[in-house]
Amino acid sequence: MTRQYEVIIVGAGIIGPVLAYALAKDGRNVLLIEKNWEEPDRIVGELLQPGGVEALQKLGLADCVEGIDGIPVHGYGVLYNGKAVQIPYPKNDEGLTIAGKSFHHGPFVMKLREAAKSCSNVTTLEATVNELVKDASGKVIGVTCTQKCDDVEKHLEFLAPLTFVADGIFSKFRKEYLPVQPKLRSHFVGFIMKNTTLPYPNHGHVILARDTPVLMYQIGSNEVRVLVDFQGKLPNIPNGDMKRYMLEQILPEIPKEVQPGFRAGVENDRIRTMTNSFLPPTRNIHEGVILIGDAMNMRHPLTGGGMTVSFWDAVHAADLLSKEKVPDFNDTSLVIKQMKKHHWHRKSRASMINILAMALYSLFSAPENSDNLRILQLSCFNYFQLGGIAVSGPIGLLAGLIPNPLVLMFHFYAVAIYGILFHVLLAPLWPSSATPRPGDYQHVSAETPSKDTMTISATSVALTIAYLPLNIIKAISVLYTACVVFLPLVWSELC
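Residues numbered from 1 in each chain as written. Predicted model: local features only at pLDDT ≥ 70, side-chain atom pairs only at ≥ 80, totals over all residues. Heavy atoms only, no water.

Under the annotation held in an unreviewed UniProt entry, the protein carries the name Squalene monooxygenase and is attributed to Basidiobolus ranarum. Per UniProt, the protein carries the Cofactor (unreviewed entry) text "FAD". (UniProt positions renumbered as here; feature names shortened; annotations may be inferred.)

Looking at the overall build of the protein
Along the backbone of the protein there are 13 helices and 19 strands. Taking 2.2 N^0.38 as the reference for a compact globule, 495 residues should give roughly 23 Å; the C-alpha atoms of the protein span a radius of gyration of 24 Å, in line with that estimate. In terms of overall dimensions, the protein has a C-alpha envelope of 85 × 45 × 45 Å along the principal axes. Here the protein holds 495 residues, and the buried ones make up 56% of them. Pairs at least 24 apart in sequence give 74% of the contacts found in the protein among residues at least 6 apart. Carbon together with sulfur atoms contributes 55% to the accessible area of the protein, which is approximately 21200 Å² in total. Where the 45 positive side-chain charges of the protein centre and where its 45 negative ones centre are 4 Å apart. (Helix = DSSP H or I, 4+ residues; strand = E, 2+ residues; numbered from the N terminus. Rg over C-alpha atoms; globule rule 2.2 N^0.38 Å. Buried < 20%, exposed > 50% of the residue type's maximum accessible area, 1.4 Å probe, protein only. Contact = heavy atoms within 4.5 Å. Areas by Shrake-Rupley, 256 points an atom, 1.4 Å probe, with all protein chains shown as cover. Lys, Arg positive; Asp, Glu negative; His and termini not counted. Charge placed at Lys NZ, Arg CZ, Asp CG, Glu CD.)

Overview of unusual backbone geometry
In this model, Asn-81 sits at a positive phi of 50°, which is unusual for a non-glycine residue. The phi dihedral of Asp-151 falls on the positive side, at around 65°, and the residue is not glycine. Turning to its location among the elements, Asp-151 is positioned in the loop between strand E10 (140–149) and strand E11 (152–159).

Considering the sheet that holds strand E7 (residues 100–102)
Spatial ordering of the open sheet is given by E3-E7-E4, a layout of three strands whose pairing is antiparallel. Each edge of the open sheet carries a strand with a single partner, namely strand E3 (47–48) and strand E4 (71–73). Pairing geometry for E4 and E7, over three bridges, is antiparallel. Within E7, the position partnered with Val-73 by the bridge is Gly-100. (Pairing = 2+ DSSP bridges.)

Focus: the sheet that holds strand E12 (residues 162–165)
Across the sheet, which stays open at both edges, the five strands sit in the order E8-E2-E1-E12-E18 with parallel pairing between neighbours. The open sheet has two edge strands, strand E8 (122–126) and strand E18 (289–291), and neither has a second partner. Each strand of the sheet is rotated relative to its neighbour by a mean of 20°, with strand direction disregarded. Two elements, strand E1 (residues 7–10) and strand E2 (residues 30–34), share four bridges in a ladder whose sense is parallel. Residue pairing across strands places Val-10 opposite Ile-33, the latter belonging to E2. Here helix H1 (residues 15–25) sits on the sheet in contact with E1, E2, E8 and E12, set at roughly 170° to E2. (Axes fitted to C-alpha atoms, helices over the stretch in contact; angles between N-to-C directions.)

Examining the side chain of Lys-347
Inspection of the secondary structure assignment puts Lys-347 in helix H9 (residues 347–364). By relative accessible area, Lys-347 is classed as buried at 8%. What Lys-347 contacts, discounting residues up to four positions off in sequence, is Pro-281, Met-352, Pro-405, Glu-493 and Leu-494.

Focus: the packing of aromatic side chains
As enumerated under the stated definition, the model contains twelve aromatic pairs in all. Seen in terms of ring centroids, Phe-108 and Phe-311 are 6.2 Å apart; in terms of plane orientation they differ by 75°. Their pairing is edge-to-face. Taken together, the residues Phe-108 in helix H3 (residues 105–117) and Phe-311 in helix H7 (residues 306–320) connect sequence positions 203 residues apart. Counting every residue linked through ring pairs, the aromatic cluster contains Phe-103, Phe-108 and Phe-311. Here the basic side chain of Lys-347 rests over the ring of Trp-344, its NZ or CZ set 5.7 Å away from the ring centre. For the cation-ring pair, Arg-349 lies above Trp-312, with the distance from its terminal atom to the ring centre recorded as 3.9 Å. (Phe/Tyr/Trp six-rings, centres within 6.5 Å; stacked < 30°, edge-to-face > 60°. Lys NZ or Arg CZ within 6 Å of the ring centre and 35° of its normal.)

Considerations on the pattern of salt bridges
Taken as a whole and judged by the stated rule, the model has 14 salt bridges. The closest approach of N and O atoms between Arg-225 and Glu-46, which form a salt bridge, is 2.8 Å. On the criterion of sequence distance, the pair formed by Arg-225 in strand E16 (residues 223–230) and Glu-46 in the loop between E2 and E3 is long-range, its members being 179 residues apart. With a relative accessible area of 2%, Arg-225 lands in the buried category. Across the salt bridge formed by Arg-299 and Asp-294, the nearest N and O atoms sit 3.7 Å from each other. (Salt bridge = Lys/Arg side-chain N within 4 Å of Asp/Glu carboxyl O.)

Examining the packing of helix H10 (residues 371–385) against helix H12 (residues 405–425)
Here H10 crosses H12 at 105°, and the two axes come no closer than 8 Å. Here H10 lies roughly perpendicular to H12, going by the angle between them. Contacts between H10 and H12 involve Ile-375, Leu-376, Leu-378, Ser-379, Cys-380, Asn-382 and Tyr-383 from the first element and Phe-410, His-411, Ala-414, Val-415, Ala-416, Tyr-418, Gly-419, His-423 and Val-424 from the second. Taken together, the residues of the contact of H10 with H12 sort by class into eleven nonpolar, five polar and no charged. (Parallel < 35°, antiparallel > 145°, perpendicular 65-115°, else oblique. Nonpolar A, V, L, I, M, F, W, Y, C, P; charged D, E, K, R; others polar.)

Points about the UniProt feature "transmembrane region" (unreviewed entry) in the protein
UniProt's feature table lists "transmembrane region" (unreviewed entry) at residues 6–24, 384–403, 410–430 and 472–491, given in the numbering used throughout. Secondary structure over residues 472–491 splits into 100% helix and 0% strand, and the C-alpha atoms at its two ends are 28 Å apart.

Description of helix H5 (residues 241–250)
Among the residues of H5, Met-242, Tyr-245, Met-246 and Ile-250 are the ones counted as buried. Angular distribution of buried residues about the axis of H5 spans 95°; they occupy a single face of the element. Structurally, H5 contributes buried residues whose contacts are with strand E13 (183–194), strand E15 (213–220), E16 and helix H6 (259–268). (Arc of directions from axis to C-beta.)

Here we look at the environment of Ala-318
Tracing the backbone through its elements, the reader meets Ala-318 in helix H7. A residue is classified by how much of its surface remains accessible, and Ala-318, at 16% relative accessible area, is buried. Ignoring any residue separated from it by four or fewer positions in sequence, one finds Ala-318 in contact with Ala-22 and Leu-23.

Next up, the structure:
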């Protein structure tokens, strides 16, 4: 086996095989190392937004979403407080909806790996990388790894002028090279429903339950993934506490037509958990090594944007490190210069997806004792009901099709101002609706503006005027909360 390569990639999850394929197509000699080449089985990485599909198309890997029993995704359905709104993905210039794709994680990863293996200048190896090898100056020049063969361990060393670390959310090399570390925000509790039709077929679903957001989307011809976000200590799964929590606290807020499948899934399927962490991006400035994918940048998977960020990272990295721009990876100063460009090239799309994911999670997971966040949560849903640009903009951002953080800023503060105006300053004029029975949802089309109207009477006007001084103080408080949610996320992307 050749022990000298142009580039070594540690990890063959989502981004590793894609990066190997792109670099190999450019003529690089690549070693792709993965500790386990068997089909992975995870409860996340199962929905690829349209922006991610576009990235795969640019890389020549669009076929990887085919032949895996994948389901086209045409938009989202958001369900909240007795109402449901359907939000379609934006249409292209030909009037066609740009679709995403949902699937089982394992078969998709295997297709990506097959694509990498199809390149003659990609060498694949099943081994555990133990450490990154450095020269006297501290530059990374390769890796050492352990390979098991017939119960015998082989200790191997491979050298390359450039090593990509793409070992995912639990990266073992992150601490040495990044100044910040992931912050655990919550856990996803996941299982599969069978023989269940969702309210909006071929759509992802976000149910804003009383205490937590719940995600549902079809990942196979007869399977629906359910992910329930949970903050704090998880109920015990083996002794049945988790099942009781799901059936007593979450089930009543699920649409009634879905409840039988939800109950059967809780009782019969394997309940698993996954950590949800936030890790802002960091510049790659270390000689000979580049951290990429979830090893370098993570966001809450609520919006399903992780794979889109990773694939566009591969697009940008492959372009900036092409042979035309960097003929020899031994030119470390040029590699670092190009990766500084990569840090800013990725910003327009990655920052937008990162900020959107964390900001929406803050709103959608608003606790009952946070009145300001609850106002913003309600305002966000009502904003979607307005239709028009209030829908096309946010869903375009979520889909990864509008790589412009300024558009995100506009819509986020539009939501805040909308909530301040109608749910704080003019609250006495706004019609109050009775609390709906759990599981009953009135479906509203996002393509048609909401028919809710203000009820103006002498009494409501008098109350509005009387409470105006207090409501102005409350409005300032809500705006402050919006800034506390949004601006630190923006700052984390600029640093």
